[in-house]
Amino acid sequence: MAAILKAIIDIKMKIYSKTGDCGVTKLCDGKEIAKDSAQIKTCGMLDELNSFLGLVGVYCQSQSGLQKLGQQLHRIQQEIVRINSELALASGAEIITMHEVEILEQEIDAMTNSLPPLTNFVVPGGNEVSAHLHIARTVCRRAETELATLAKTTTLNAAIMPYLNRLSDWLFMAARITMEKS
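Reading the values: rules and limits
- Residues numbered from 1 in each chain as written.
- Predicted model: local features only at pLDDT ≥ 70, side-chain atom pairs only at ≥ 80, totals over all residues.
- Heavy atoms only, no water.
- Helix = DSSP H or I, 4+ residues; strand = E, 2+ residues; numbered from the N terminus.
- Buried < 20%, exposed > 50% of the residue type's maximum accessible area, 1.4 Å probe, protein only.
- Core = buried A, V, L, I, M, F, W, Y, C linked by side-chain atoms within 4.5 Å.
- Contact = heavy atoms within 4.5 Å.
- pLDDT = per-residue confidence, 0-100.
- Axes fitted to C-alpha atoms, helices over the stretch in contact; angles between N-to-C directions.
- Parallel < 35°, antiparallel > 145°, perpendicular 65-115°, else oblique.
- Left-handed = near helix turned anticlockwise from the far one by under 90°.
- Nonpolar A, V, L, I, M, F, W, Y, C, P; charged D, E, K, R; others polar.
- Polar contact = N/O pair within 3.5 Å; in protein donor to acceptor, adjacent residues only side chain to side chain.

Caption draft 1: Summary view of the environment of Q63. Mapped onto the elements, Q63 comes out in the loop between α2 (38-62) and α3 (67-89). Residue class for Q63 comes out partly exposed when judged on its relative accessible area of 31%. Sequence-wise, Q63 and V129 are 66 residues apart; in three dimensions their C-alpha atoms are separated by 9.5 Å.

As structure tokens, this is what we get:
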């Protein structure tokens, strides 16, 4: 995997290719694909999710008590990059495994155990970090839905869907944690 990514990075190319001008883009293997395909939509939603997580990470750096959350978010961002790479490479290589899903589950359990039980529905907001985590959660859900559409026509790594499903739960719990710390 590292060799493939290095080869992609080492390619000297212009940032613009003009292939997108006609509604197509290229995967890492050079295959042209429609920009409105489920595969490209999923990659775009994961990119959007990753951008929101980066924003939340910046907030976490500047707020006391949220550094650990910021570190976890950075790890998750790297995992999302790996998922996007897997989808863009279309190589069948399993870059994300159930191990990453298990880590999310352990972190969800730890957050759950540190909070009082829910007694009502949660209205997104409360503070900047929590609000942005809820936005990230909804983008994650959209990416998961688009991935389900892609899975109808493409064989995918079996860990990606559970990963996104757990990640949206993780983001919900992280938003609750930040409300408790504010």
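Caption draft 2: Inspection of the nonpolar core at higher detail. Counting residues in hydrophobic clusters, the biggest one holds 41 residues, and the most contacted among them are L49, L133, Y163, L164, L167, W170 and L171. Of all elements in the fold, only α2, α3, α4 (98-113), α5 (128-151) and α6 (160-181) reach the threshold of two or more residues within this core. Ranked by the residues each element gives to this core, the list is headed by α6, at 10 residues. Once you skip the residues sitting within four places of it in the chain, L164 turns out to touch L46, C140, A143, E144 and L147.

Caption draft 3: A look at the confidence of the model for the chain. Taken residue by residue, the chain gives an average pLDDT of 87. The fraction at 70 or more is 87%. Put simply, helix α1 (residues 2-10) is where the chain has its lowest mean pLDDT, 54, and α4 is where it has its highest, 97.

Caption draft 4: The arrangement of the packing of α2 against α5 in detail. The geometry of α2 relative to α5 is characterised by a closest axis approach of 9 Å and an angle of 165° between their N-to-C directions. Looking at the two axes, α2 sits roughly antiparallel to α5. Both α2 and α5 take part in a crossing whose hand is left-handed. Classifying every residue of the contact of α2 with α5 by side-chain character gives 19 nonpolar, 4 polar and 5 charged.

Caption draft 5: Spotlight on the packing of α3 against α4. Where α3 contacts α4, the two axes come as close as 12 Å, and the packing angle between them is 155°. Comparing the axis directions of α3 and α4 gives the class roughly antiparallel. For the crossing formed where α3 meets α4, the hand is left-handed. Mapping the contact onto sequence places Q72, R75, I76, E79 and R82 in α3 and E100, I103, L104 and E107 in α4. Broken down by class, the residue content of the contact of α3 with α4 amounts to 3 nonpolar, 1 polar and 5 charged.

Caption draft 6: A look at the side chain of N157. Within the element layout of this structure, N157 appears in the loop between α5 and α6. Judged by relative accessible area, which is 9%, N157 ranks as buried. From its side chain, N157 meets the backbone oxygen of I96 in a polar contact 2.6 Å long. For N157, the side chain forms a polar contact with the main-chain nitrogen of A159, separated by 2.8 Å.

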